Amino acid sequence: MKDKQKLRSQEWFGGLTKMGFVHRSWMRNQGYPDDYFRGRPVIGICNTWSELTPCNGHLREFAAIVKRGIAEAGGFPLEFPVMSLGETIMRPTTMLYRDLASMDVEESIRANPLDGVVLLTGCDKTTPSTLMGACSVDLPTIIVPGGPMLNGYFRGQRIGSGSFNWMIKEKTKKEDWTPDDMLEAEICVSRSAGHCNTMGTASSLAIMAEALGLTLPGMAAIPAVDARKKVMAHLSGRRIVDMVRENLTLSKILTRGAFENSIVVNAAVGGSTNLIIHLIAIAGRIGVKLELEDFDRLGSHIPLLVNLMPSGKYLMEDFFYAGGLSVVMKELGNRLHRNVITANGKTFDENYADAPCYNRDVIYPIEKPLQENAGIAVLKGNLCENGAVIKPSAATPKLMKHSGKAVVFENIEDYHARIDDPDLEIDENSVIVLKGVGPKGYPGMPEVGNVDLPEKLIMKGVKDVVRISDGRMSGTAYGTVVLHVSPESTIGGTLALVQNGDIIELNVANRSLNLKISDDELQRRKAAWVAPEPLATRGYVSFYLQHVLQADKGADLDILVGKSSSEVKRDLH
Ligand code: FES
């Protein structure tokens, strides 16, 4: 900070005027000495703590730690709450509220006398929602990811959050699990503070934050309860004050190179398909052009280096002990842009030059990866004219080229009503098609794309069939699951026109997904299609339905794309 008068907060706190008095006086009821208002950088701690977001339940403690660091560095910490999105609790899906939460964050930052921001994040949507909002203001910003839970263990076996959920139907139907078994497993899988401990969406997005350069290096993998996480939170508090002094804003860190790094890193760690939708939305806010095809072009040939569930066998705690993300950054070498600047003011190269690996069964070397070509594949074809995605590292290799008869479910209720009907015509070669789960269709594009298999196939020992939908999939899930089909069925995409028994052809190597019916028949069905009634006519959901973009555009609201700076033209009165 070359000139103290340039601090944004001084527009509120700096003047010996009536409004300066008003701004300071009410703040002083919290006991701050008057020198706090005379040129200290004011740092907002944007807290997604909530008891309804269990993955973020420890963030109040983290806020107190971050405050210590801010005060030590000469800043003035002020914590504020924002809408928190609890993945396992909110109905119908947190994704419906990601954009609403981002509006809360954006307006809370802009409207207040803040010079810099610390985002306290954890559960899946709390990272993109806060970052999207912060990007639209573009102040110096650092992320403190809350960290994963410790490993889950059940009767001697490692069990991972989320990934274990997908086995419960099989366990109860095929292995005679009792309700007591299930109750015991519940606490075993969630045994400490923190977010999901698999390489699910929360871990993928914490890693995204670090790969974008928005955390201190080495932070993403540290478990929530590890003392070293608290040290990093403390140091992040110190660092944000310097970022304000250096005017190191988000747009200086979030360059095209940073986004490309994030795509490459997500592929190497076997990260979530949800990253695609969030990264496109974040890029849209900061003004970087990022397209669905970039994920395939930049990521699909990247090898899988990290042996974590759902693609592998370990968990985030093991990843941290093995050396964490720093090892992956080093292994990726020049596949990453190494000269991009990061939150600590240093480049990738400086941050990750020295990173020893302590367990090669958890993090593989680039010359001998766990799997080749593991990144996300983007499919095109008459069934997904604007694209669809699949995560090859979580899929069954023999199903990556597959033709099968469609078994169609018109919506999620239809699926639940019929999937275990003994008379349902379905076998291991079928293709399950689920409609009505896109951004406008559900609404909010929930994580239902990896629907459970029918009981009769589970009893036959079938582990996977091709599943296609316009929804998303939990980052903890696995299977040959085609997601994010765009345009979605609810707005008349070809997915809406699929009928039982139609042949669907998936060819991941060719990046194609097609409905094998004649053009004449396709046109006939299109002409006969009737749009469903909107799912809401008032309130936020109605607003969302009018403005939400399709999955290939990041499912942001059209009016929120871009940024409006930190300027507020009118004063309080
Ligand atoms: Fe919160 Fe998985 S449910 S991170």
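Residues numbered from 1 in each chain as written. Predicted model: local features only at pLDDT ≥ 70, side-chain atom pairs only at ≥ 80, totals over all residues. Heavy atoms only, no water.

Turning to the sheet that holds strand 1 (residues 42-47), a few remarks are in order. If you walk across this open sheet you meet the four strands as 2-1-3-4, and the pairing is parallel. Edge strands, defined here as strands with exactly one partner in the open sheet, are strand 2 (76-81) and strand 4 (141-145). For this sheet the average axis-to-axis angle between neighbouring strands, irrespective of direction, equals 20°. In the sheet, strand 1 pairs with strand 3 (residues 116-121) via five bridges, with the strands oriented parallel. Each bridged residue has a counterpart across the sheet, and for G44 the counterpart in strand 3 is V117. The sheet strands contacting helix 9 (residues 227-245) are strand 1, strand 3 and strand 4, and the helix crosses strand 4 at an angle near 175°. (Pairing = 2+ DSSP bridges. Helix = DSSP H or I, 4+ residues; strand = E, 2+ residues; numbered from the N terminus. Axes fitted to C-alpha atoms, helices over the stretch in contact; angles between N-to-C directions. Contact = heavy atoms within 4.5 Å.)

Within the largest apolar cluster, 109 residues are counted, with the highest numbers of intra-cluster contacts made by L131, F259, F319, V328 and L332. With sequence-adjacent residues up to four places away left out, L131 is seen in contact with L119, I143, M208, L212, L214, L250 and I282. Core analysis: the next-biggest nonpolar cluster, separate from the first, contains 28 residues, L399, V466, V508 and L522 among them. (Core = buried A, V, L, I, M, F, W, Y, C linked by side-chain atoms within 4.5 Å. Buried < 20%, exposed > 50% of the residue type's maximum accessible area, 1.4 Å probe, protein only.)

Our next topic: the environment of K346. Looking at the element boundaries, K346 is found in the loop between helix 15 (325-332) and helix 16 (348-351). For K346 and L216, which are 130 residues apart along the polypeptide, the C-alpha to C-alpha distance reads 10.0 Å. Ignoring any residue separated from it by four or fewer positions in sequence, one finds K346 in contact with V340, I341 and N351.

What follows is about the packing of aromatic side chains. As enumerated under the stated definition, the model contains 11 aromatic pairs in all. Centre to centre, the rings of Y32 and Y36 are 5.8 Å apart; their planes meet at 25°, and the pair counts as stacked. Judged by its relative accessible area of 21%, Y32 falls in the partly exposed class. Given the relative accessible area of 16%, Y36 is considered buried. Summarising the aromatic geometry, the rings of F348 and Y352 are spaced 5.3 Å apart at their centres and angled 65° between planes, so their arrangement reads as edge-to-face. Side by side, F348 and Y352 carry an identical accessibility label, which is buried. Taken together through their ring pairs, the aromatic side chains of F13, Y32, Y36, F37 and F76 make up a single cluster. Positioned over the ring face of Y36 is R40, at 4.0 Å from the centre of the ring. Here R60 stacks its cationic end above the ring of W49, 3.8 Å away from the centre of that ring. (Phe/Tyr/Trp six-rings, centres within 6.5 Å; stacked < 30°, edge-to-face > 60°. Lys NZ or Arg CZ within 6 Å of the ring centre and 35° of its normal.)

Here the focus is the packing of helix 4 (residues 95-111) against helix 5 (residues 126-135). Closest axis-to-axis distance for the helix 4/helix 5 pair is 7 Å, and the angle between their directions is 40°. By the criterion of interaxial angle, the relationship of helix 4 to helix 5 is oblique. In this structure, the crossing between helix 4 and helix 5 has a hand that is right-handed. Along its contact with helix 4, which presents R98, D99, A101, S102, V105, E106 and I109, the element helix 5 presents P128, S129, T130, M132, G133 and A134. Class assignment for the residues of the contact of helix 4 with helix 5 results in six nonpolar, four polar and three charged. (Parallel < 35°, antiparallel > 145°, perpendicular 65-115°, else oblique. Left-handed = near helix turned anticlockwise from the far one by under 90°. Nonpolar A, V, L, I, M, F, W, Y, C, P; charged D, E, K, R; others polar.)

Moving on, we get to the pattern of salt bridges. A complete count under the given rule lists 36 salt bridges for this structure. Notably, a salt bridge pairs K67 with E79, separated by 3.0 Å at the nearest N-O pair. With K67 in helix 3 (residues 59-72) and E79 in strand 2, the pair connects residues that are 12 residues apart, well separated along the chain. The exposure class of K67 is partly exposed, given its relative accessible area of 28%. Residue classification places E79 among the partly exposed residues on the basis of a relative accessible area of 34%. (Salt bridge = Lys/Arg side-chain N within 4 Å of Asp/Glu carboxyl O.)

Successive side chains on a regular strand alternate, one facing one side of the sheet and the next facing the other. Burial along strand 11 (residues 466-469) is two-sided: the face carrying V466 and I468 and the face carrying R467 and S469 are both buried. Bridging between strand 11 and strand 12 (residues 481-486) involves two bridges; their strand directions are parallel. By the bridge assignment, R467 is partnered in strand 12 with V481.

A few words on the side chain of S489. Its place among the elements puts S489 in the loop between strand 12 and strand 13 (503-507). The class for S489 is buried, based on a relative accessible area of 5%. A distance of 2.8 Å separates the side chain of S489 from the side chain of D470, its partner in a polar contact. Aside from chain neighbours lying at most four places away, what touches S489 is K435, G436, D470, L495, A496 and W529. (Polar contact = N/O pair within 3.5 Å; in protein donor to acceptor, adjacent residues only side chain to side chain.)

In this section: helix 15. Most of helix 15 is tucked away: seven of the eight residues are buried. For helix 15, every residue scored as buried is listed here: L325, S326, V327, V328, M329, E331 and L332. Of the surrounding secondary structure, the elements contacted by the buried residues of helix 15 are helix 8 (201-211), helix 11 (256-268), helix 14 (316-321) and helix 16. Among the residues trailing helix 15, G333 stands out with phi positive, at a value near 45°.

What follows deals with helix 13 (residues 292-299). Of all the eight residues making up helix 13, six are buried; the element is thus mostly covered by neighbouring parts of the structure. Buried within helix 13 are the following residues: L292, D294, F295, D296, L298 and G299. In the core, the buried residues of helix 13 are packed alongside helix 11, helix 12 (274-286), strand 7 (377-381) and strand 8 (384-390).

Our focus in this paragraph is unusual backbone geometry. As a rule of thumb, non-glycine residues mostly have phi less than zero, and peptide bonds are mostly trans rather than cis. Each neighbour pair has its own omega, and for Y442 with P443 the value is 0°, a cis peptide bond. Following S486, the chain continues into P487 via a peptide bond in cis, with omega recorded as 0°. Here P487 shows up in the loop between strand 12 and strand 13. The phi dihedral of H484 is positive, around 60°, even though this residue is not glycine. The buried category is assigned to H484, whose relative accessible area is 5%. Unusually for a residue other than glycine, R511 sits at a positive phi of about 60°. Here R511 is to be found in the loop between strand 13 and strand 14 (512-515).

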